[in-house]
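# Reading the structure
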Amino acid sequence: MSPKAGSLGAIIRSYKAAVSQWCKRNNYSSFGWQTRFYDHIIRADGSLDRIRDYIINNPAKWEDDKDNPANLWM
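Everything numeric here is computed off the predicted structure, so don't read it as measured data.

On to the overall build of the protein, then. Of the regular secondary structure elements, the protein holds 2 helices and 0 strands. On the principal axes, the C-alpha backbone points of the protein span a range of 45 × 40 × 20 Å. In the protein, which comprises 74 residues, the proportion classed as buried is 7%. Here the protein has roughly 7,200 Å² of accessible surface; of this, 56% comes from carbon and sulfur atoms. Charge centroids of the protein, computed over 11 positive and 8 negative side chains, lie 14 Å from each other.

Taken as a whole, this structure holds 3 aromatic pairs when the rule is applied. Measuring from centroid to centroid gives 5.3 Å for F31 and W33, while their planes differ by 80 degrees, and the two rings are edge-to-face. Assessed through its relative accessible area of 37%, W33 is described here as partly exposed.

Mapped onto the secondary structure, I42 falls in the loop between helix 1 (8-25) and helix 2 (45-57). Take I42: its relative accessible area is 40%, and that puts it in the partly exposed class.

Calculation rules
Residues numbered from 1 in each chain as written. Predicted model: local features only at pLDDT ≥ 70, side-chain atom pairs only at ≥ 80, totals over all residues. Heavy atoms only, no water. Helix = DSSP H or I, 4+ residues; strand = E, 2+ residues; numbered from the N terminus. Buried < 20%, exposed > 50% of the residue type's maximum accessible area, 1.4 Å probe, protein only. Areas by Shrake-Rupley, 256 points an atom, 1.4 Å probe, with all protein chains shown as cover. Lys, Arg positive; Asp, Glu negative; His and termini not counted. Charge placed at Lys NZ, Arg CZ, Asp CG, Glu CD. Phe/Tyr/Trp six-rings, centres within 6.5 Å; stacked < 30°, edge-to-face > 60°.

This is how it looks when you write it as structure tokens:
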């Protein structure tokens, strides 16, 4: 089921398609959107605050992250 024309979902879908096409035409063959990514529309101040905190504090957790190349064999 496609998003309704003119909706935010349709705009994001069109943007992602346009960026992907541009990358293919300009030899950015390694470009790809992050898999298992969940787009989330922020509808309330509380959600926005939690997301801002995550963005600000997440880099400090990189040393312990299982996807950090130094930790691949943890």
